[in-house]
Amino acid sequence: MDKSLIIHTILGLLLLLVPAGALYMLERQMLPKFAVAVGRMVVQLLVFCLMVWALIRVDSPWLLIVWLVAMAVYTSWLVQRRCRNQGDRSLDSVQNYGPVPLIPVSVGLFLGTAVIGLWILALALPVRIFDARWFVPVMALLIGHSTAMMIRGINTYVTALKTDEQQYEFLRGNGQPHFKALQPFLRRSLLAVISPTIANLSVLCLTSMPLLLGGILLGGMSPINAFVLMLHMTVGCVAASILSLAITLFLVDRSLFDKFGKLQTGGRDDN
């Protein structure tokens, strides 16, 4: 490693003294958590950079698919962890009704990201689908946004079912089919995903998008092509999050309800 690179890296990391100093003066008990978070961020960033470098160097379609599957499993674990940290412990409730939620969430994230990502790569751009320089950033952006929205959607859906179970039973008792009786709960889950997306669309050009746009322009892409790419990715993020959530809820449904459409309020039978 170049000696000057090490020096510049250290100088850059010295900026952490600003938030660390503020915490030391005002909230010292948060310093250990801050240090752990920074350390975890550095390790994750290093691993991700090395992984992307290897994917681009090898440029194998099979390796790209394996990477996407691994990302789907890892991010579904993050969804599971974040949901369990919520007060309602929504995924623990799902786990009591059926299989470990890691499986449906992983499948939902993988299929939702893959379908929308391949559509963008093959039809909207279009570029060579399994070119690692395109495949990795497109899929990473889609699955990252879908993961954040999945947490909102699953929490809202399961919490609504637990809170308003009588509403579901009332609709079923009045002859409504299973899917029709679930529509009020599915609507809440959809709104939990769509509402923050709509609210953030108006400020995207002032927050995260300039960073990505700047990187694209620095990479040599013309302004009009950069605009089109950003438009595709913004629309793709919204579509991927909705599709991933829909697939996940479809799979989780088989754990929450029996074959007669009855909400299983009891624990799992492990015998």
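Residues numbered from 1 in each chain as written. Predicted model: local features only at pLDDT ≥ 70, side-chain atom pairs only at ≥ 80, totals over all residues. Heavy atoms only, no water.

Caption draft 1: Here's a closer look at the nonpolar core. Residues Trp67, Leu142 and Tyr157 are the most contacted members of the largest nonpolar core, which totals 48 residues. Contributing elements (two or more residues each) for this core: helix 3 (31-58), helix 4 (61-85), helix 6 (102-124), helix 7 (132-163), helix 8 (165-173), helix 9 (178-201) and helix 11 (223-256). If you tally residues by element for this core, the top one is helix 7, at 15 residues. Leave out the neighbours within four places in its chain, and Leu142 touches Thr113, Ile116, Gly117, Ile120, Met233, Gly236, Cys237 and Ala240. (Core = buried A, V, L, I, M, F, W, Y, C linked by side-chain atoms within 4.5 Å. Buried < 20%, exposed > 50% of the residue type's maximum accessible area, 1.4 Å probe, protein only. Helix = DSSP H or I, 4+ residues; strand = E, 2+ residues; numbered from the N terminus. Contact = heavy atoms within 4.5 Å.)

Caption draft 2: Quick look at the layout of surface pockets. Size it by volume and the largest pocket reaches roughly 440 Å³. In terms of lining residues, the largest pocket is bounded by Gln44, Leu45, Val47, Phe48, Met51, Trp67, Ala70, Met71, Tyr74, Thr75, Leu78 and Ala140. For the lining of the largest pocket, the secondary structure elements donating two or more residues are helix 3 and helix 4. The greatest single-element share of the lining of the largest pocket, amounting to six residues, is contributed by helix 4. Grouping the constituent residues of the lining of the largest pocket by class yields ten nonpolar, two polar and no charged. (1 Å grid on protein atoms, 1.4 Å probe; cavity = no way out; pocket = protein on both sides within 12 Å on 5 of 7 lines; lining within 4 Å. Points joined across faces, edges and corners; volume = space filled by probe spheres on them. Nonpolar A, V, L, I, M, F, W, Y, C, P; charged D, E, K, R; others polar.)

Caption draft 3: How the structure looks around unusual backbone geometry. In this model, Asp59 sits at a positive phi of 55°, which is unusual for a non-glycine residue. As for its placement among the helices and strands, Asp59 is situated in the loop between helix 3 and helix 4.

Caption draft 4: The packing of helix 6 against helix 7, seen in detail. The interhelical angle for the contact between helix 6 and helix 7, taken along N-to-C directions, is 135°, at an axis separation of 9 Å. In terms of orientation, helix 6 and helix 7 fall into the oblique class. The two elements helix 6 and helix 7 meet at a crossing, and its hand is right-handed. Counted together, Val105, Leu109, Thr113, Ala114, Ile116, Gly117, Leu118, Ile120 and Leu121 of helix 6 and Trp134, Phe135, Val138, Met139, Leu142, Ile143, Ser146, Thr147, Met150 and Ile154 of helix 7 form the full contact between these two elements. Of the residues contributing to the contact of helix 6 with helix 7, the split by class is 15 nonpolar, four polar and no charged. (Axes fitted to C-alpha atoms, helices over the stretch in contact; angles between N-to-C directions. Parallel < 35°, antiparallel > 145°, perpendicular 65-115°, else oblique. Left-handed = near helix turned anticlockwise from the far one by under 90°.)

Caption draft 5: Broad picture of the pattern of salt bridges. Evaluated as defined, the whole model comprises four salt bridges. Note that Asp131 and Arg133 form a salt bridge whose closest N and O atoms lie 3.1 Å from each other. For Asp131, a relative accessible area of 7% gives the class buried. Arg133 sits in the exposed class, given a relative accessible area of 60%. Of the charged contacts in the structure, one is a salt bridge between Arg188 and Asp164, with a shortest N-O distance of 2.7 Å. Linking Arg188 in helix 9 with Asp164 in the loop between helix 7 and helix 8, this pair joins segments that are 24 residues apart in sequence. A relative accessible area of 32% means that Arg188 is categorised as partly exposed. Judged by relative accessible area, which is 23%, Asp164 ranks as partly exposed. Ionic contacts of the salt-bridge type, sharing partners, join the residues Asp59, Arg128, Asp131 and Arg133 into one network. (Salt bridge = Lys/Arg side-chain N within 4 Å of Asp/Glu carboxyl O.)

Caption draft 6: Geometry of the packing of aromatic side chains. Summed over the entire model, instances satisfying the criterion amount to three aromatic pairs. A ring pair is formed by Trp67 and Phe135, whose centres lie 6.4 Å apart and whose planes are at 65°; its orientation type is edge-to-face. Remark: Phe135 occurs in helix 7 and Trp67 occurs in helix 4; sequence separation between them is 68 residues. Relative accessible area serves as the criterion here: at 4%, Trp67 is assigned to the buried category. (Phe/Tyr/Trp six-rings, centres within 6.5 Å; stacked < 30°, edge-to-face > 60°.)

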